[in-house]
Structure formats: C-alpha cells, structure tokens
Amino acid sequence: MSAGLTALHAELVRRNPGEAEFHQAASEVLESLAPVLTARPELAEAKIVERICEPERQIMFRVPWQDDSGTVHINRGFRVEFNSALGPYKGGLRFHPSVNLGIVKFLGFEQIFKNSLTGLNIGGGKGGSDFDPRGRSAAEVMRFCQSFMTELHRHLGEHTDVPAGDIGVGGREIGYLFGQYRRITNRWEAGVLTGKGLGWGGSTARTEATGYGNVLFTAEMLKRRGEDLDGQQVVVSGAGNVAIYTIEKAQSLGANVLTCSDSGGYVVDEKGIDVRLLRQVKEVERGRLETYAQRRGASATYVPGGRVWDVACDVALPSATQNELDADAARILVRNGVKAVSEGANMPTTPEAVAVFKEAGVAFGPGKAANAGGVATSALEMRQNSARESWSFERTENELAVIMRGIHETCYETAERYGRPGDYVAGANIAGFERVADAMVAQGLI
Ligand code: NDP
Ligand code: 2IT
C-alpha cells in the first residue's frame, strides 16, 4: 500500500473501532488502488477513496418481537446505505447471531464494487440483524420480519434502497418482509425487494443465480488456462442457497462435487453430492447435514466439526461465510494440487490465504466478481418489475451468463492494463472502483 493509502486506512481503523471485518475488506480494496490514484491524480484530489469509505447513511434500530410462548425479545436491526452514485442502494439482509455493525459495513463496502462490476445501475448497501432464525417457528420468523420491516420500510423504496436475501434470509423471509412493506405503505411496489416468489414479481433464476454465476466465473478462469470443469474434483463449503446451486451447476458441467458443509461439520460423498436429497434436507426440512449422510448411505460420511479443505480437489468454491478459509487450509489445498479457488461467499478467504494462492499460481476469483451473479439477477428482477414483465428461465439465465463473462473479461483486462496479469483481485477492485469513482466525480462533492 502507498504511504497515503496506509495513512488513510489507519484513520479508518481509528474512526471505526472494533469493526475488524470492515477494516479487512477496506484494506483488501485499498491495497489495489495505488496505481489508479497515481495514474489519475484528480481522483485523489477529490478525495474519492475517503468518501467511498464513509457510508452515505447508517441506520440502526430496535427490533422487538414475541416468541410463541409470549416471551419478549429485543434484537438490533441494521441498514448501511453505503453508496448510491450508480443507482439505488442494493444488497442483501443477513439474519445471523454474529451480525454487528462491522460485519454489515464490510458487506456493504464489498457490495459497492461488486454492483459496479455488474455494469448495471445499482448502488451498494447491506443490512440485517443479530436475530438467530435457527430453531424458530415460521410464526416467530414472520413476527420478527414484520417488526423489522415496521422500522425499515421508511428507509426503502424502488428508487432508494432495495434489499434482498443473504445468510438466514431466503424466499420465505422476503415474502414476510414484502407483505409488511405493502401493508404499511399501501403500495404494491414490486421493485422494493428482490428474491420474491415467482408468482408475485420474482425473477426466474434469481434463486440459482449466485451459485450458477460463481461456477460460470470459475469456468471462465479455467478456460484462460486451457481447461474446463469436466471431470474436475470440486469441494464446496456451505449448504445454503449459494452452495446448493453451485453444486448443481458444477455437476451439470461435468464436475464431481465431493463435499458440502454447515456450521456443525461437513459431508464428503464419494459418489458426488445428491442435490435433490440436499435440497430436501436443507431447504424443505431445514435440517442438519448429518441427516443427509444418514439417508444417503455408504457413499457419504459426515465429519463433525471438520473443514472441507482437507479433502483433495482440483477446484475449491467457498460458499458459507467470511474468513472460513485460512492460510493453513490454503496450504493444504495447494499441497493437494488445487488449480482454482472462487469465492461464492463474501470474503471467505483470509488475506493470508489469498497470498498463499497467489504465490502458488492458483487462479483466484474474488467474491466481489465471482458471486456478483446474485445481485446482477436482482437487478434483472428490478428491470422486469419496472417493465411489468416476467422472463423465461432461459432468458434470465442467458443474461446472467453474458454478465458473468463480462465481469470476468473486465477483471482480466483491467489487471493486465495495470501490470498485474492474472490478478483477479486487483482487476476486480480497480475496475469496480473506477466506475463508481467516475460517477462520483461527475456528480460533484456530495
Ligand atoms: P444461507 O443462509 O442459505 O446458507 C449459509 C450456509 O453457510 C449454511 O450452510 C450455514 O450453516 C453456513 N454458515 C453460515 N454462517 C456460518 C458460520 N458463521 N460458520 C459456519 N458456517 C456458517 O446463506 P447463503 O447461501 O445465501 O449465503 C452464503 C454466503 O454467500 C454468504 O457469505 C453470503 O454473504 C454470500 N452471498 C449470498 C448471495 C445470495 O444471493 N444469497 C449473493 C452473494 C453472496 P448453518 O445452517 O449451520 O448456519
Ligand atoms: O452479497 C450479495 O451480493 C447478496 N447477498 C445479494 C444481494 C442482492 O441484492 O441480490
């Protein structure tokens, strides 16, 4: 990092104490920006980096709700509206007990550059709550969502801020949130949330988009090296929305997907993960992976508390949560001959692990590029909503494929242009930054 950017990061740490994940995400972006600021002094003069690091607005609120036995609970709600230079704030909501301001800010910060890379008109934001959905009844989840939206609704709007899902928030929660928004505002405003049901304004392929998109990005990286996914051994972490559709797409391209995981442990399945069974256990029954292994029979083993990175593979696709793949795990993957690692989750790879992959010449797809297919398809959902259209699955999937190829191309070419060939991290950070920076300069000092 240049002296100026190092000082800027130190100031960011001082002004945002205790927000470790935000410090990490900011450091990873700032490390790429020195050559841009040297080439374009007008951006430094306008203090674009300082402005991008400061959210336009941060909302924190109380979320009171009652469980099924009548006991009162108080959670904290967040929405960080980071940057709207390119369009309305756009980004998911996460419901997980670990959620705090630092995590929401890291996610919102990443979202600015990710959304920019899609080439579509969406700004960056993120939100959520420290509510723990695990073990809660559908009625409890509904009451929580209604209370959460009772405050959040005043900050949203199809032209202002458009949330979607993330960890712990899927189609069911988006339904409850949309219902409460509609009731309070008396508006059927389809474009205020994405990830809606297909019968009421949702887009085909949105559910699949993040996982499918990451596999398409991985395939593009392999293509540059004269390879494809056919016959490759793949490990996937996570067993939620992103992991499930990553597995499905990788298998459709001929890969053998050996693993998936949840916070309790992982499954290794010699015959390849059975996606239908996985969906039944995780999506329908909302159960644990142990059940998958019990029903699958002899080919599957459940390893409590373990990490999928111990399983030898050609391609690793981390799809659970931040900092789940550290330097030790990276060294094991490299020793086992991994060729490509691509982030379905947001910031799953620690900076030390990224350095291990870079040193070993492993193709590494950073989340803000590789998992951008989800938010890109959310923007396609917004487009369909404003035109009152519903596209076929094929049409949406084709648009997604074009967008993912475009993001890969942009990252690859930008890295070359700035003298960092093959460095998708630098390419994604610089290209994502430049589009936002240009819009901010054009729109004046705000
Ligand atoms: P889900 O809630 O559907 O699934 C999350 C999965 O990750 C679950 O298997 C969960 O296990 C596991 N997990 C979550 N937190 C932890 C943790 N602290 N430690 C270990 N395992 C954990 O979420 P998604 O699949 O939607 O999201 C996964 C990742 O992808 C996140 O990083 C998210 O930000 C990112 N992402 C999501 C997009 C989307 O469209 N949904 C778009 C782009 C990125 P368990 O059930 O045991 O908690
Ligand atoms: O991290 C992400 O990009 C998401 N959770 C999806 C955001 C969206 O608005 O679809």
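In this report, the structure presented in the accompanying data block is examined.

Cut-offs used in this document
- Residues numbered from 1 in each chain as written.
- Chains lettered and ligands numbered in written order.
- Predicted model: local features only at pLDDT ≥ 70, side-chain atom pairs only at ≥ 80, totals over all residues.
- Heavy atoms only, no water.
- Near = heavy atom within 4 Å.
- Polar contact = N/O pair within 3.5 Å; in protein donor to acceptor, adjacent residues only side chain to side chain.
- Areas by Shrake-Rupley, 256 points an atom, 1.4 Å probe, with all protein chains shown as cover.
- Helix = DSSP H or I, 4+ residues; strand = E, 2+ residues; numbered from the N terminus.
- Pairing = 2+ DSSP bridges.
- Core = buried A, V, L, I, M, F, W, Y, C linked by side-chain atoms within 4.5 Å.
- Buried < 20%, exposed > 50% of the residue type's maximum accessible area, 1.4 Å probe, protein only.
- Contact = heavy atoms within 4.5 Å.
- Salt bridge = Lys/Arg side-chain N within 4 Å of Asp/Glu carboxyl O.
- Axes fitted to C-alpha atoms, helices over the stretch in contact; angles between N-to-C directions.

1. Some remarks on the site of ligand 2
- For ligand 2, the set of nearby residues contains 14 residues, the closest of which are Lys-90, Gln-111, Lys-114, Lys-126 and Ser-378.
- At 2.8 Å, a side-chain N or O of Lys-114 approaches an oxygen atom of ligand 2.
- The contact in question runs from a nitrogen atom of ligand 2 to an N or O atom on the side chain of Asp-166, over 3.0 Å.
- With the chains in place, 94% of the 300 Å² that ligand 2 exposes on its own is no longer accessible.
- Counting residues per element, the ones that place at least two in the shell around ligand 2 are β3 (89-95), α5 (101-117) and α15 (373-387).

2. Topic: the sheet that holds strand β13 (residues 363-365)
- If you trace the five strands from one edge of the open sheet to the other, you get β7-β6-β11-β12-β13, paired in parallel fashion. With partners counted over all chains shown, the strands left at the sheet margins are β7 (256-257) and β13, one partner each.
- Inspection of the sheet shows strand β6 (residues 233-236) paired to strand β11 (residues 315-317) by three bridges, in the parallel sense. Bridge pairing in β11 places Val-235 opposite Ala-316.

3. Structural notes on the nonpolar core
- In terms of nonpolar packing, the biggest core is built from 54 residues, with Leu-278, Tyr-292 and Ile-407 touching the most fellow members.
- The contact partners of Ile-407, leaving out residues within four places of it in the chain, are Leu-117, Thr-118, Phe-217, Ala-369 and Ala-372.
- If you look at the next biggest cluster of nonpolar residues, it comprises 38 residues, including Val-99, Val-104, Leu-107 and Tyr-418.

4. Some details on the pattern of salt bridges
- Scanning the model with the defined rule gives 34 salt bridges in all.
- A salt bridge links Glu-11 to Arg-14, with the nearest nitrogen and oxygen atoms 2.9 Å apart. On the criterion of helical spacing, the pair formed by Glu-11 and Arg-14 is a turn pair, its members being three residues apart in helix α1 (residues 3-15).
- Relative accessible area serves as the criterion here: at 36%, Glu-11 is assigned to the partly exposed category.
- Accessibility expressed as a relative area gives 58% for Arg-14, which makes it exposed.
- Across the pair Asp-166 and Lys-126 runs a salt bridge, and its minimum N-O distance is 3.0 Å. Taken together, the positions of Asp-166 in the loop between β5 (161-164) and α7 (171-185) and Lys-126 in strand β4 (residues 123-129) put the pair 40 residues apart, joining distant regions of the chain. Exposure class is identical for Asp-166 and Lys-126. Each is buried.
- One salt-bridge network, in which partners are shared between bridges, spans Arg-40, Glu-42, Glu-434 and Asp-438.

5. A look at the environment of Phe-364
- Assignment of secondary structure puts Phe-364 in strand β13.
- Owing to a relative accessible area of 7%, Phe-364 belongs among the buried residues under this scheme.
- When residues no more than four places from it in sequence are discounted, the contact partners of Phe-364 are Met-221, Val-341, Glu-343, Thr-349, Val-354, Phe-357, Tyr-424 and Val-425.

6. Digging into unusual backbone geometry
- Its identity is not glycine, yet Ala-205 carries a phi of approximately 70 degrees, on the positive side.
- Mapped onto the secondary structure, Ala-205 falls in the loop between α7 and α8 (206-224).
- Given a relative accessible area of 5%, Ala-205 falls into the buried group.

7. So, the sheet that holds strand β9 (residues 265-269)
- Pairing is antiparallel in the open sheet, where three strands are placed in the order β8-β9-β10. Strand pairing shows two members of the sheet lacking a second neighbour, β8 (259-262) and β10 (300-304), which therefore form its edges. On average, each strand axis in the sheet is tilted by 20 degrees relative to the strand beside it, whichever way the strands run.

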